Amino acid sequence: MGKRIDAINEHLFYDMPLKKTDAAFVLGCKSISGTVARQTAELYKLGAFDKIIISGGQQVKEPLIMLWLALTGRIDEALDTSKKEDFKTKDKTEAAYIRDEMIAMGVRSEDIIFVEEESKHTGANIANCRDVLADFNSVSIITYAPNQRRALGTLQKELPNLDALTVPVYAFGFNKENWHKSWFLRWIVGGEYSKINPDHPKTYVGKYCVNPDIEEAKTRTAHLPNAPTRQGGPV
């Protein structure tokens, strides 16, 4: 189990230097969409990018997250979470919700240049935004942490000449040090690992994405200026 955890951590939970890119490409993440919106808005205010593209056609509310919090003994957090807007918004898509949250946090609406509300999975996120993304030289992909490698690999398959880096989003107390302690997160993270693992029989690599070379991606974005950071360090 320990070797598998180490392999997953190395494969999925990597970090890339935060650079100033032309745009942010923000992927909806169901219940984590509120955290995605807040992190994107903070990076925008710091000047990490000037334009924002949002994609996500799923609904925001995700009862499984509340069930997981409750089953792991975090009843107070589950009850508190159920009161948040992330779980009240039944009629908004991920993309619309993220847009509205970011505008409420001070992001200028004219800088949100594309809001795509049909996609139900990562491949569609990128296919449906491909023409808009192609207008830029560099993008920051902002998505939930286990998905970052697959999102990068899917983008590289569609737009191999676009310089891209990933910005992982963590939520509900989950991080690379503790995900394996929860059966729910083992299921989520394990599923992502199988999709981007070339040796897995159900891998997406080759058909839907490439298996990105993270060091090469770092090298390709090294020429970009370092993104400003808040006092105390990066976001």
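Parameters at a glance
- Along every chain, residues carry numbers that run from 1 in the direction the sequence is written.
- With pLDDT at 70 or above as the cut-off, local features in this predicted model cover only qualifying residues; side-chain atom pairs require 80 or more to be listed or tallied, and sums for whole chains, interfaces and linings still use all residues.
- Remark: hydrogens and water are excluded; side-chain values derive from all non-hydrogen atoms of the structure.
- Grid spacing is 1 Å over the protein atoms alone, the probe is 1.4 Å, and a cavity is where that probe fits but cannot get out, while a pocket is an open set with protein on both sides within 12 Å along at least five of seven lines and lining residues have an atom within 4 Å of a point.
- Grid points are joined across faces, edges and corners, and a volume is the space filled by probe spheres set on the points.
- Secondary structure follows DSSP: runs of H or I at least 4 residues long count as helices, runs of E at least 2 residues long count as strands, and numbering of each begins at the N terminus.
- One side-chain nitrogen of Lys or Arg within 4 Å of one carboxyl oxygen of Asp or Glu is enough to make a salt bridge.
- Paired strands are those between which DSSP finds at least two bridges.
- Axis lines are fitted to C-alpha atoms, over the contacting stretch for helices. Their N-to-C directions set the angle, which ranges from 0 to 180 degrees.
- What makes two residues a contact is simply this: any of their non-hydrogen atoms within 4.5 Å.
- Stacked, tilted and edge-to-face are the three classes applied to pairs of Phe, Tyr and Trp rings, where Trp contributes its six-membered ring and a pair requires centres within 6.5 Å; stacked means planes under 30 degrees apart, edge-to-face means over 60, and tilted covers the rest.
- To sort residues, take the accessible area from a 1.4 Å probe on protein chains only and compare it with the maximum for the residue type: under 20% means buried, over 50% means exposed, and anything in between is partly exposed.
- Counted as a polar contact is a pair of N or O atoms within 3.5 Å, where, for protein atoms, one must be capable of donating a hydrogen and the other of accepting one, and residues adjacent in sequence contribute only when both atoms are in side chains.
- An angle below 35 degrees is treated as roughly parallel, one above 145 as roughly antiparallel, one from 65 to 115 as roughly perpendicular, and anything else as oblique.
- Handedness of a crossing is defined here by the sense of rotation of the near helix relative to the far one, left-handed for an anticlockwise turn of less than a right angle and right-handed for a clockwise turn.

### A few points about empty space enclosed by the protein
Item 1. Per the counting criterion, the structure on display carries one cavity of 30 Å³ or more.
Item 2. Estimates place the volume of the largest cavity at around 40 Å³.
Item 3. If you list the elements that add at least two residues to the lining of the largest cavity, you get helix 8 (148–158), strand 5 (163–169) and helix 10 (214–221).

### Points about the pattern of salt bridges
Item 1. This structure, assessed with the given rule, holds 11 salt bridges.
Item 2. It is possible to trace a salt-bridge network through shared partners that takes in K51, R108, E110 and D111.

### Some words on the sheet that holds strand 1 (residues 23–27)
Working definition: the strands of a sheet are paired by backbone hydrogen bonds and lie parallel or antiparallel to each other.
Item 1. Across the sheet, five strands lie side by side as 3-2-1-4-5; this open sheet has parallel pairing. A strand with exactly one partner marks an edge of an open sheet, and here the two such strands are strand 3 (112–116) and strand 5. Averaged over all pairs of adjacent strands, the angle between their axes in this sheet comes to 20 degrees, without regard to strand direction.
Item 2. Looking at chain direction, strand 1 and strand 4 (residues 138–144) are connected through four bridges and run parallel. When the sheet's bridge partners are listed, V26 is paired in strand 4 with I142.
Item 3. Lying on the sheet, helix 7 (residues 122–133) is in contact with strand 1, strand 2 (51–55), strand 3 and strand 4; it crosses strand 3 at an angle near 145 degrees.

### Comments concerning the packing of aromatic side chains
Item 1. With the rule as written, the count across this model stands at five aromatic pairs.
Item 2. Look at F13 and Y170: their rings are 6.2 Å apart centre to centre, the planes differ by 40 degrees, and that puts the pair in the tilted class. Here Y170 lies in the loop between strand 5 and helix 9 (183–196) and F13 lies in the loop between helix 1 (2–12) and strand 1, a separation of 157 residues in the sequence.
Item 3. Exposure remark for Y170: the relative accessible area of 26% places this residue in the partly exposed category.
Item 4. Ring geometry for F13 versus F174: centroids 5.9 Å apart, planes at 70 degrees, classification edge-to-face. Of this pair, F13 sits in the loop between helix 1 and strand 1 while F174 sits in the loop between strand 5 and helix 9; the two residues are 161 residues apart in sequence, bridging distant segments of the chain. Each member of the pair, F13 as well as F174, carries the same accessibility label: buried.
Item 5. In this structure an aromatic cluster arises from ring pairing among F13, Y170, F174 and W179.

### Structural notes on the environment of T93
Item 1. Within the fold, T93 resides in the loop between helix 5 (85–88) and helix 6 (94–104).
Item 2. As a C-alpha pair, T93 and E118 span 25 residues in sequence and 8.6 Å in three-dimensional space.
Item 3. Residues in contact with T93, not counting those within four places in the same chain, are G56, G57, Q58, V60 and E117.
Item 4. At a separation of 3.1 Å, a polar atom in the side chain of T93 contacts the main-chain amide nitrogen of A96.

### What about the pairing of strand 4?
Item 1. Within strand 4, seven of the seven residues are buried, leaving the element largely enclosed by the surrounding structure.
Item 2. Inspection of the sheet shows strand 4 paired to strand 5 by seven bridges, in the parallel sense. Across the sheet, the residue bridging to S138 is D163, located in strand 5.

### Description of the packing of helix 7 against helix 8
Item 1. Between helix 7 and helix 8, the shortest axis-to-axis distance is 10 Å and the interhelical angle comes to 45 degrees. Between helix 7 and helix 8, the interaxial angle falls into the category oblique. Classified by chirality, the crossing of helix 8 by helix 7 is right-handed. Of helix 8, the residues touching helix 7 (which contributes T122, G123, I126, R130 and L133) are R150, A151, T154, L155 and E158.

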